[in-house]
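# Topology and contacts: notes
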Amino acid sequence: MADKIEKKFKDNYLNTSRFLYVGIGASAGGLDALKKFLSNIPENSGSAFIIVQHMDPTHKSGLVNILDNYTDLEVLEIVDGVQVESEHVYVIPPNKDLGILDGKLQLMEPIEPHGLRMPINYFFTSLAEDQGDKSVGIILSGFGTDGSIGLKSIKANGGICIAQDPHTAGSEGMPSSAINTGLVDIILAPEEMPEKLLSYKNSSSKILKKILTPEDRNIQALRKIFILIRNRTGHDFSQYKKSTVFRRVGRRMNLHQIEDISQYLRYLQENTEELDLLFKEFLINVTNFFRDPEAFASLKNGALKDLISEKSDYETIRVWVPGCSTGEEVYSIAIIIKELLEETGKKLEVQIFGTDLDSLSIKVARSGTYTGVITDISKERLNKYFYKKDNEITIKDDIRDMVVFANHNVIKDPPFTKLDLISCRNLLIYLETEAQEKVLSKFNYSLKKNGILFLGPSESIGEFIDSFSVIDSKWKIYKRFKSNESVFDITRSHTLPYNLHSSKYWDTQFGLKDVKPKKVGNITLLAEKKLIDLYAPPSVLINDLGEILFIHGRLGKYLEPSPGRARMNIVEMANEEIKLQLNSAIQNAISTNEDVVLENLMVEKDKNPIKLVVKPLKDPEFVNGLLIVSFEESSIHDDAILNKNIYPISNSENRTNALETELKRTKERLNITIEDMTTSNEELKSANEELQSMNEESQSTNEELETSKEELQSINEELTIVNSELQTKIDELSVINDDMTNLFNSTEIATIFVDNELKIRRFTDEATKIIKLIKSDVGRSLGDIVSSINYHDLVDDIEKVIDKVAYKEKEVNDINGHWYKVRIMPYKTSKNIIDGATITFIDISSMKNTQEKLQDALNYAQNIIYITHEPLLVLDNELIIVSANKSFYDTFKLKKSDAEGEKLYEISEGGWNIPSIRNILSDIINKNKTITDFEFEQTFKEVGHKKMILNAKKIHRSDMGKDTILFAMTDKNI
């Protein structure tokens, strides 16, 4: 599948008649940028331009008519199903989403409400999947972040990404967001983009044709590029597919208009920034939440559900996601595991490891915050597992705590072990076959029995077909066999932790060297151990069908290949003289599950008899059902060597008696010797059994130590990763803490933070001037601290604020006469939980002094007015009496309640409703006139006829916030 994709890319690159599909995203301020862009498109640009702009869904767009005045290309509003043609400009209509399939534009009704739509992201993603390397994404002026996610798809599919220089944009939000992703290849003003596009298009075929037709010189240059990147980053890309690497090198060359790879190599040597950009180019960071939803549904409802159901409470489920990019897939797996735990009621510890080469991607993954990906997640999951703010979502803590992220090279770094699930989707397709096998070998080693392997839809397990069973062939979900279910796979050298054929582990004279193998299904090493225990005679390891799995020593005397199609069956290969006995011994050993020993078997080719031993293997569990067959030659020993003594012969009888006596003594000595030998043999047997027992115990202890060592190493690696992540968080918190400290100190406001128990959390330097605080007071109750302020109810008020989630403000003074405005507010956490209170003390002494002075001045003026003999009135701009002095009330025989708050014309039964007075007051209010010595006469019911001299002036009262009229009178009757 991967080879077909590579061929498609190569065919596209070498097709000189192709044209570029240029997607343009714009929003606020984008119209001016579009005008400049279209005005500079040359003739025969070899491109089609599709404009997606944020529009009012209820307003008919006039964009087509406007843009038509700035280009000679034909500008069209998109109709559903239109075929894209070169030298045309297509404009999206209002209230539509836009996709593309087979070069035809497809209009769709938007699902999201207005204000939450991301039409540029939607179209860029569709364009990248449909047109691949022929796609171009351009981000012009606009608010927000729309388009940034779509650029990732375009970049991953070999397209080119361009952003407007923010300094030239009316609204820099969208171009800045695009640039911050690190995906943008070119940053230009809009008027400069068309020329750059044309040169890119015209040179791409020529440059890429040279790159994709590699000669020895190109290969050598590529190897040197690998060395430069390895020296710069520590990562080796020599095992990546050459066609993929050539395409991405060619893309960078095309952007710089460099036609020869040797020249580009020189450019890399002189520009380390380009090395960094090429490194990022090689990293294919394409991912999103629940990518291929059907695949995740199959994983959740099938293999993963069964795996969790089989586990007991408080066990651990371990997951590894290599090549995790920015972490969306890791969090997706964490979410479905969380859902399964809730569904099954299981209480399991979850450990998920997300690893990647790219440090920037890992940083994003650790933050757990993403922009513009809301459409990838269902509303239920979005509300349950994410915090949402504007167009940004953050994973909640219960999911984040399940995951650890780290930098890791899946090819060269040691793998994680004892895993229940490995999810490696769309990484293997970029690796050469040898690297794929190496990675799959690590996966096979890392997974527990019945562990799950989750690959991408274009990937497969290759030669490891005997190591895994297929759960879902469409979505490439596999389960690792138990070790005894696939004997032949386990004996392959590339599936073992060590290569047993290497001289590093193999001694030509004595067999296996003293190595410390991993205790995970390694039958070859186990066989060696068992054979050594049996004094290592020539032996074979077979299964219950008689098929030979492993051979130790020389067996030519006993076994030889049978005629016809080659088979490795021990009975068919056995010598005719022992075939019958061998078959019978194997069957007896299988049926009884006990050792079977046959003595003194004769083989025609050898005079000595042989001893045949068939030994079933019972421990450990994964070798149950296998047998070891050993062939050992028997040795011939004389029972004893008799001493022959010569005696002188006197006569025949004496000689006979002497011989009988000597024979008797010899028999006695022989019996004693036999008894001694029997005793010695028994002692030796006992000692040998004890030594064997000690040896087995030592081996068992050694195996346990090795297992413990491996577990400790694994834990140490995980702790190192966690420590690295925590250190990053500590550094971030230190910076935030410094910022907050400087912010608090710069405000010069005394602030104290307390928890729910009124224990001091933090305080600013200014607070020490009011309440006697020192650093060691943190953690003490605020009520225990001596204070100079006169606020005895402070502690009670704080408790009320915390309990009632209320707000309290009060003005208090201290023993030195300083005044403070005390504000007590609840302390709310990011999860909207009340966790104490914040108390601020704002110095208002100067304001208080000013207020007192103003009040004194006001009182002084009012007292003067009050004792003045002439009647005085203060009216507002609606001629309502604000106040009057005592002389006024005495002169006109009125009570204060009859006048204040009433209109002047309505008191004294309308006696003041005098036209001349009304005109004068109107001029004062509207024309700001001042009236002096105005005489008038009027008869009042209470006091009779009066002749008065009037003086009046408009005065602004800042304490009232409006204009007033000071109305003074002199009684001429007096």
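Residues numbered from 1 in each chain as written. Predicted model: local features only at pLDDT ≥ 70, side-chain atom pairs only at ≥ 80, totals over all residues. Heavy atoms only, no water.

Across its full length, the protein holds 27 helices and 36 strands. Contacts spanning at least 24 positions in sequence make up 60% of the contacts within the protein whose residues lie at least 6 apart. Counting every atom, the protein has about 51,700 Å² of accessible surface; 50% of that belongs to carbon and sulfur. (Helix = DSSP H or I, 4+ residues; strand = E, 2+ residues; numbered from the N terminus. Contact = heavy atoms within 4.5 Å. Areas by Shrake-Rupley, 256 points an atom, 1.4 Å probe, with all protein chains shown as cover.)

With that out of the way, let us pick up empty space enclosed by the protein. Regions of empty space are outlined by a rolling probe, equal in size to a water molecule, passed over the atoms. Scanning the entire structure with this criterion turns up 2 cavities of 30 Å³ or more. Taken as a whole, the second largest cavity spans an internal volume of roughly 40 Å³. Along the walls of the second largest cavity sit Ile41, Pro42, Ser45, Ser47, Phe49, Pro194, Leu197 and Leu198, which together make up its complete lining. Ranked by residues supplied to the lining of the second largest cavity, first place goes to helix α7 (residues 193-211) with 3 residues. (1 Å grid on protein atoms, 1.4 Å probe; cavity = no way out; pocket = protein on both sides within 12 Å on 5 of 7 lines; lining within 4 Å. Points joined across faces, edges and corners; volume = space filled by probe spheres on them.)

This part covers the packing of aromatic side chains. Applying the stated criterion across every chain, the model contains 22 aromatic pairs. The interplanar angle of 75° and the centroid separation of 5.7 Å between the aromatic rings of Phe37 and Phe49 together place this pair among those described as edge-to-face. Placement of Phe37 in helix α2 (residues 30-39) and of Phe49 in strand β2 (residues 47-53) is noted, with a sequence separation of 12 residues between them. Its relative accessible area of 0% is what places Phe37 among the buried residues. Taking the centre distance of 4.5 Å and the plane angle of 15° together, the rings of Phe353 and Phe416 count as stacked. Here Phe353 is found in strand β11 (residues 349-356), whereas its partner Phe416 is found in the loop between β15 (403-407) and β16 (419-424), with 63 residues between them in sequence. In this structure Phe353 comes out as buried when scored by relative accessible area, which is 4%. Residue classification places Phe416 among the buried residues on the basis of a relative accessible area of 3%. (Phe/Tyr/Trp six-rings, centres within 6.5 Å; stacked < 30°, edge-to-face > 60°. Buried < 20%, exposed > 50% of the residue type's maximum accessible area, 1.4 Å probe, protein only.)

This part takes up the pattern of salt bridges. Summed over all chains, the structure comprises 22 salt bridges. Residues Lys615 and Asp595 are paired through a salt bridge, measuring 3.2 Å at the closest nitrogen-oxygen approach. Taken together, the residues Lys615 in strand β25 (residues 610-616) and Asp595 in the loop between α21 (576-592) and β24 (596-601) connect sequence positions 20 residues apart. The exposure class of Asp595 is partly exposed, given its relative accessible area of 41%. Glu757 is the partner of Lys759 in a salt bridge, and the nearest nitrogen-oxygen pair spans 3.6 Å. Judged by relative accessible area, Lys759 falls into the partly exposed class, the value being 36%. (Salt bridge = Lys/Arg side-chain N within 4 Å of Asp/Glu carboxyl O.)

Position of Val249 relative to the elements: it lies in helix α9 (residues 242-255). A relative accessible area of 0% places Val249 in the buried class. On a C-alpha basis, the gap between Val249 and Phe282 in space is 8.6 Å, while along the polypeptide they are 33 residues apart. If we skip the residues at most four places from it in the chain, Val249 touches Leu222, Ile225, Ile261, Tyr264, Leu278 and Phe282.

The values reported here are purely geometric and, on their own, carry no functional implication.
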